Amino acid sequence: MKNMTKLCSSKPTVTVNGRYPGPTIYAREDDTLLIKVVNHVKYNISVHWHGVRQVRTGWADGPAYITQCPIQPGQVYTYNYTLTGQRGTLWWHAHILWLRATVYGAIVILPKRGVPYPFPKPDHEKVIVLGEWWKSDTENVINEALKSGLAPNVSDSHMINGRPGLAKNCPSDQGYKLSVENGKTYLLRLVNAALNEEMFFKVAGHLFTVVEVDACYVKPFKTDTILIAPGQTTNVLLTATKSAGKYLVTASPFMDAPIAVDNATATATLHYSGTLSSSPTILTLPPPQNATSVANNFTKSLRSLNSKKYPALVPTTIDHHLFFTVGLGLNPCPTCKAGNGSRVVASINNVTFVMPQTALLPAHYFNISGVFTTDFPKNPPHVFNYSGGSVTNMATETGTRLYKLPYNATVQLVLQDTGIIAPENHPIHLHGFNFFEVGRGLGNFNPKKDSNNFNLIDPVERNTIGVPSGGWVVIRFRADNPGVWFMHCHLEVHTTWGLKMAFLVENGKGPNQSILPPPKDFPKC
């Protein structure tokens, strides 16, 4: 715990090595990492290496009660995994309670020595991590909400590399300063580590060239605004084309549904060398909070590089066709006075996931019965006008239910937003895999009509995908990684409310197609 002051207000904060954001991990493709996590705080802790494939090493994936029991106070666990065939920007964060509010940092995976980037080599690289800050203790924020049955208080500020910038009522907060030199090109490695908010990112007077998302190369395209959801990473090239000056950098929320968000814009400064600090900053306006068209333009521009060296291996024949609705619901809660005897919940296919007391991966590996079932529904239990959302019964079922996949099976998964309570953009993250986004649209997915428009040539490959508000997205992946793999909304409030499930991928028959045994220091529940 470290006492931190932000927005002229101090609180004890859970940090890694006393730093917020935490340290950046630098490695190369195919390196093996050993990361010793020592728990000196009063909370149970676990750390997820977001986007790392963890081929056969689910024990190191990190989500508490899914792949491991948490590291208890005073205990130690060494995460041991290999960055097999991955290069680019990923990130790490706590994966228990709401501790990832302050426990997070970037992972920079450089290409193997001598392997160039598939774009012009930048002169410099900078890591930029976006976050959210609450003046209150975030554990209190979510606990109060769970007691009331209502949504938690929104954050007090957004952050750019741990700083809010020009904060209302707190002139002492200095924003992050991004120093540049005229004529030089910078690779900005952006991470959205916010708990609950998709963000727009802009720099006054400058364009970005997007070259990678979620550690997968894309066909480069130019834009003045980046859209990045919680859990996602984006690499962009920025060339310092001006002769001098200070330029405003903004990180602001995107929300095109009637849901409360923290509307504070975090600011930083792009500062040309030789510019006086007293010189005026050239401003830019962030997009409107509900700028759906700006968001869509960005999303539609993303395409896999699909080169000879980096092909897009999209599954074309499908073994498992799945259709999952994602959204909110209301369950009875007699003690929830503020919620009039109801509590807001979230679900996939109307199942609000219940976290087990024993972690799922050890339960599967050691055949411990009674922890989970493998009857997760492949289709919604009730057919209705999903995106329209007017249903009389908003109650959900509860259970710890998994969907079983044979090794190497190919999966097509339709993720359909519902309008129950409110339609909302859900950034869905799948652990253990990358997937391809082959289609997206508004309204209800129509398999006959919409399947004809799939992009099976160069769809974007990623690990976290935004399901559009009142719409759908279709992803495809190959289940070539045995283990238990969590899939959940990366809006932390929705994960807490139950918008999560897991895939159980069985061992294959070949020599390298089985889960490796657990490490000796694997935490006990």
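Conventions used here
- Residues numbered from 1 in each chain as written.
- Predicted model: local features only at pLDDT ≥ 70, side-chain atom pairs only at ≥ 80, totals over all residues.
- Heavy atoms only, no water.
- UniProt positions renumbered as here; feature names shortened; annotations may be inferred.
- 1 Å grid on protein atoms, 1.4 Å probe; cavity = no way out; pocket = protein on both sides within 12 Å on 5 of 7 lines; lining within 4 Å.
- Points joined across faces, edges and corners; volume = space filled by probe spheres on them.
- Helix = DSSP H or I, 4+ residues; strand = E, 2+ residues; numbered from the N terminus.
- Nonpolar A, V, L, I, M, F, W, Y, C, P; charged D, E, K, R; others polar.
- Pairing = 2+ DSSP bridges.
- Axes fitted to C-alpha atoms, helices over the stretch in contact; angles between N-to-C directions.
- Salt bridge = Lys/Arg side-chain N within 4 Å of Asp/Glu carboxyl O.
- Buried < 20%, exposed > 50% of the residue type's maximum accessible area, 1.4 Å probe, protein only.
- Patch = residues over 30% accessible without salt bridge, like charges linked within 9 Å, V, L, I, M, F, W, Y side chains within 5 Å.
- Areas by Shrake-Rupley, 256 points an atom, 1.4 Å probe, with all protein chains shown as cover.
- Polar contact = N/O pair within 3.5 Å; in protein donor to acceptor, adjacent residues only side chain to side chain.

In the annotation of an unreviewed UniProt entry, the entry for the chain reads Laccase, and the organism field reads Brassica carinata. Turning to the chain, the UniProt annotation filed under Sequence similarities (unreviewed entry) states: "Belongs to the multicopper oxidase family." Under the Function (unreviewed entry) heading, UniProt states for the chain: "Lignin degradation and detoxification of lignin-derived products."

Participant: Looking at this structure, I do not really get empty space enclosed by the protein. What am I missing?
Facilitator: If a probe as big as a water molecule is rolled over the atoms, it shows which places are left empty. Summed over all chains, the structure comprises three cavities of 30 Å³ or more. Space inside the largest cavity adds up to approximately 100 Å³. For the largest cavity, the full set of lining residues is Met1, Lys11, Pro12, Thr13, Val14, Tyr43, Trp98, Leu99, Thr102, Asp137, Thr138 and Glu139. Elements represented by at least two residues in the lining of the largest cavity include exactly strand E2 (9-13) and helix H1 (138-148). Here the lining of the largest cavity takes three residues from E2, the largest share from any one element. In terms of residue class, the lining of the largest cavity is made up of six nonpolar, three polar and three charged. Looking at the second largest cavity, its volume works out to about 60 Å³. Along the walls of the second largest cavity sit Asn196, Glu197, Glu198, Phe254, Met255, Asp256, Val261, Asn425 and Leu491, which together make up its complete lining. Looking at the lining of the second largest cavity, its residues break down into four nonpolar, two polar and three charged.

Participant: What should I look at first to understand the sheet that holds strand E9 (residues 124-133) in this one?
Facilitator: Hydrogen bonds between backbone groups are what pair the strands of a sheet, and the pairing can be parallel or antiparallel. Spatial ordering of the open sheet is given by E10-E9-E12-E17-E14-E15, a layout of six strands whose pairing is mixed. One side of each edge strand has no neighbouring strand; the edge strands of this open sheet are strand E10 (157-160) and strand E15 (216-223). Looking at each pair of strands side by side, their axes are set apart by 20° on average, direction ignored. Both E9 and E10 contribute to a ladder of four bridges, which runs antiparallel. Along E10, the bridge assignment pairs Leu130 with Ile160.

Participant: Whenever I open this one, the pattern of salt bridges confuses me. Can you help?
Facilitator: Between side chains of opposite charge, a pair can form when the charged atoms approach closely. Following the criterion strictly, the structure yields 15 salt bridges and no others. For Arg87, the salt bridge is made with Glu29, and the minimal N-O distance between the two is 3.0 Å. Of this pair, Arg87 sits in the loop between strand E6 (76-82) and strand E7 (88-94) while Glu29 sits in the loop between strand E3 (25-28) and strand E4 (32-38), placing them 58 residues apart in sequence. With relative accessibility at 13%, the residue Glu29 sits in the buried group. The closest approach of N and O atoms between Glu506 and Lys404, which form a salt bridge, is 3.8 Å. Of the two residues, Glu506 sits in the segment after strand E33 (500-505) while Lys404 sits in strand E25 (residues 402-405), which places them 102 residues apart along the sequence. Using a relative accessible area of 29% as the deciding quantity, one classes Glu506 as partly exposed. A residue is classified by how much of its surface remains accessible, and Lys404, at 38% relative accessible area, is partly exposed. In the salt-bridge network here, residues are joined through shared partners; they are Lys219, Arg303 and Asp458.

Participant: Explanation requested: a nonpolar patch on the surface in the structure shown.
Facilitator: A cluster of nonpolar side chains, Tyr365, Phe366 and Ile368, forms an exposed patch at the surface whose accessible area comes to about 270 Å². Mapped onto the elements of the fold, Tyr365 is located in helix H3 (residues 360-365).

Participant: Mind showing me how you'd approach H1 here?
Facilitator: A turn of α-helix holds 3.6 residues, and therefore any two residues three or four places apart point the same way. Among the residues of H1, those classed as buried are Thr138, Glu139, Val141, Ile142, Ala145 and Ser148. Where H1 starts, the residue carrying a side-chain oxygen 2.7 Å from the main-chain nitrogen of Glu139 turns out to be Asp137. Phi for Gly149, located one or two positions after H1, is positive at around 85°.

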